[in-house]
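Given next are the chains, with one letter for each unit.
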Amino acid sequence: MEDRPPPPGLSGPGSPMGRREERAGPCEQLAAAAASGKTDGVRDSAGPAVSGRAPPRREPLLPPCAPGRGNHGVQRGGRRWKRRGGGEGEGQETEARRPGHSLAHLLQRRHDRGVVHCAVVRTSVLVTGVQVSSRIFMVWFIAHSIKQIQNEESVILFLVVWTVTEITRYSFYTFNLLNHLPYFIKWARYNFFIILYPAGVAGELLTIYAALPYVKKTGMFSLRLPNKYNVSFDYYYFLIIVMFSYVPLFPQLYFHMLRQRRRVLHGEVIVEKDD
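Residues numbered from 1 in each chain as written. Predicted model: local features only at pLDDT ≥ 70, side-chain atom pairs only at ≥ 80, totals over all residues. Heavy atoms only, no water.

1. Some points on the UniProt feature "transmembrane region" (unreviewed entry) in the chain
For step 1, the next point in the chain: According to UniProt, the "transmembrane region" (unreviewed entry) feature falls on residues 155-178, 190-215 and 235-255.
For step 2, the next point in the chain: Segment residues 190-215 splits into 88% helix and 0% strand. End C-alpha atoms: 37 Å apart.
For step 3, the next point in the chain: Counting secondary structure, residues 235-255 comes out at 100% helix and 0% strand; the distance between its end C-alpha atoms is 30 Å. (UniProt positions renumbered as here; feature names shortened; annotations may be inferred. Helix = DSSP H or I, 4+ residues; strand = E, 2+ residues; numbered from the N terminus.)

2. Side note on the pattern of salt bridges
Pairing between side chains of opposite charge can happen when their charged atoms approach one another.
For step 1, the next point in the chain: Tallied over the entire structure, the rule returns 3 salt bridges.
For step 2, the next point in the chain: One salt bridge connects R169 with E166, and the closest N-O pair in it is separated by 2.9 Å. Taken together, the residues R169 and E166, both in helix α5 (residues 153-177) and 3 residues apart, mark about one turn of the helix. The exposure classification of R169 matches that of E166, with both residues buried. (Salt bridge = Lys/Arg side-chain N within 4 Å of Asp/Glu carboxyl O. Buried < 20%, exposed > 50% of the residue type's maximum accessible area, 1.4 Å probe, protein only.)

3. Considering the packing of aromatic side chains
For step 1, the next point in the chain: By the definition in use, this model includes 17 aromatic pairs.
For step 2, the next point in the chain: Between F137 and F238, the aromatic rings sit 6.1 Å apart at their centres with planes inclined by 70°, giving edge-to-face as the arrangement. Highlighted residues: F137 in helix α4 (residues 125-143) and F238 in helix α8 (residues 235-266), separated in sequence by 101 residues.
For step 3, the next point in the chain: On the basis of relative accessible area, F137 is assigned to the buried category, the value being 15%.
For step 4, the next point in the chain: One aromatic cluster in this structure is built from F137, F141, F221, F233, Y235 and F238. (Phe/Tyr/Trp six-rings, centres within 6.5 Å; stacked < 30°, edge-to-face > 60°.)

4. Quick notes on α8
For step 1, the next point in the chain: Between its terminal C-alpha atoms α8 stretches 45 Å, which fits the 46 Å expected from 32 residues at 1.5 Å a residue.
For step 2, the next point in the chain: The sharpest bend along α8 reaches about 40° and sits at P248.
For step 3, the next point in the chain: Turning to α8, its buried residues are Y235, Y236, L239, V242, Y246, L253, Y254, H256, M257 and Q260.
For step 4, the next point in the chain: Of the surrounding elements, those touching the buried residues of α8 are α4, α6 (183-189) and α7 (193-218).
For step 5, the next point in the chain: Measuring from the backbone nitrogen of Y236 back to the side-chain oxygen at the start of α8 gives 2.9 Å, which picks out D234 as the cap.
For step 6, the next point in the chain: Two residues or fewer after α8 comes G267, characterised by a positive phi angle close to 70°. (Expected span 1.5 Å × (residues − 1). Bend = angle between axes of the 7 residues up to and from the residue. Contact = heavy atoms within 4.5 Å. Polar contact = N/O pair within 3.5 Å; in protein donor to acceptor, adjacent residues only side chain to side chain.)

5. What about the nonpolar core?
For step 1, the next point in the chain: Ranked by internal contacts, the top residues of the largest apolar core, which has 21 residues, are F137, M138, I142, I208, V215, Y235 and L239.
For step 2, the next point in the chain: For this core, the secondary structure elements donating two or more residues are α4, α5, α7 and α8.
For step 3, the next point in the chain: Per-element tally for this core: the top contributor is α7, with 6 residues.
For step 4, the next point in the chain: Setting aside its immediate chain neighbours within four residues, Y235 contacts F137, F141, I142, V215, M220, F221 and S222.
For step 5, the next point in the chain: Among the nonpolar cores identified, the runner-up in size contains 10 residues, and I185, Y190, Y197 and Y254 belong to it. (Core = buried A, V, L, I, M, F, W, Y, C linked by side-chain atoms within 4.5 Å.)

6. Brief notes about the side chain of N191
For step 1, the next point in the chain: Residue position: N191 is located in the loop between α6 and α7.
For step 2, the next point in the chain: Only 3.0 Å separates the side chain of N191 from the side chain of R261, close enough to count as a polar contact.
For step 3, the next point in the chain: Those residues within four positions of N191 in sequence are excluded, and the remaining contacts are R261 and L265.

7. Things to note about unusual backbone geometry
For step 1, the next point in the chain: Cis geometry is found at the peptide bond from L225 to P226, where omega equals 0°.
For step 2, the next point in the chain: In this structure, F221 takes a positive phi of about 55° despite not being glycine.
For step 3, the next point in the chain: Along the chain, F221 turns up in the loop between α7 and α8.
For step 4, the next point in the chain: Phi angles above zero are rare outside glycine, and N230 is one such case at about 55°.
For step 5, the next point in the chain: Tracing the chain through its elements places N230 in the loop between α7 and α8.

8. A closer look at the packing of α4 against α7
For step 1, the next point in the chain: The geometry of α4 relative to α7 is characterised by a closest axis approach of 12 Å and an angle of 35° between their N-to-C directions. As for the relative orientation of α4 and α7, their crossing is left-handed in sense. Facing Q131, S134, F137, M138 and I142 of α4, the residues of α7 in contact are Y197, E204, T207, I208 and A211. (Axes fitted to C-alpha atoms, helices over the stretch in contact; angles between N-to-C directions. Left-handed = near helix turned anticlockwise from the far one by under 90°.)

9. Topic: a nonpolar patch on the surface
For step 1, the next point in the chain: On the surface, F141, F221, L223, Y229, V231, F233 and F238 cluster together into a nonpolar patch covering about 640 Å² of accessible area.
For step 2, the next point in the chain: Note on placement: F233 falls in the loop between α7 and α8. (Patch = residues over 30% accessible without salt bridge, like charges linked within 9 Å, V, L, I, M, F, W, Y side chains within 5 Å. Areas by Shrake-Rupley, 256 points an atom, 1.4 Å probe, with all protein chains shown as cover.)

10. Details of α7
For step 1, the next point in the chain: With 26 residues, α7 extends 37 Å from end C-alpha to end C-alpha; this agrees with the ideal 38 Å at 1.5 Å per step.
For step 2, the next point in the chain: Of all the bends found along α7, the most pronounced is centred on L212 and spans about 35°, while P213, a proline, follows it within four residues.
For step 3, the next point in the chain: Positive backbone phi, at 70°, marks G219, one or two positions downstream of α7.

Printed below as a string of structure tokens:
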């Protein structure tokens, strides 16, 4: 088939085709030249003539809020950075929270409810107060604050002991309130502690002992003289005092549970001062 020239009136300077060619920018000219194989003499707006090859592809610069951008994060070194509101506009790295951090929040909420539970259920205020204070201290001021000891085996030890103890204790309370207490739950409540309590105390003491070198090196939570309060506090020696405080406090908790065990399992009548 022969190529026929366009009809008169459709080409030329004043025709629609001519006006379309005049409006074509450098990109359209380069595309047309590449399609026809004639790239000589076609100039880009940013530089000299391009001969024999197509122009380099340039990625459009989109603002952060442009559609199609996806998440507003920027990949830097394989890690996601995001802009946080309320700052000065600098990129701040957002990472997943540590498991120890989430565990600390969870135990803190449960321990706070333990104090209220002591007022509702008839139990020893002293025993509950010692348990709650000890666990809050171990979670926030030892395991959560000193990152270097979070992988110690002693931490796993007292966490496992706490878990089994609380599952047994609250199962006992739940079934007791439902007036349907299985004997195994009652037996576990007043027998598991014989092994679990000493193991838990051993785990706590070993964890505090492992934290002593880091506390002494960094001086964390310590207040040195001179200062405007004229008071000094050494967290290192405070931890040593806490370790020695287990000597008088742990036997009270342990013997209290032994008396409860004789009363519940063996039916002994024990006159005990209400703390």
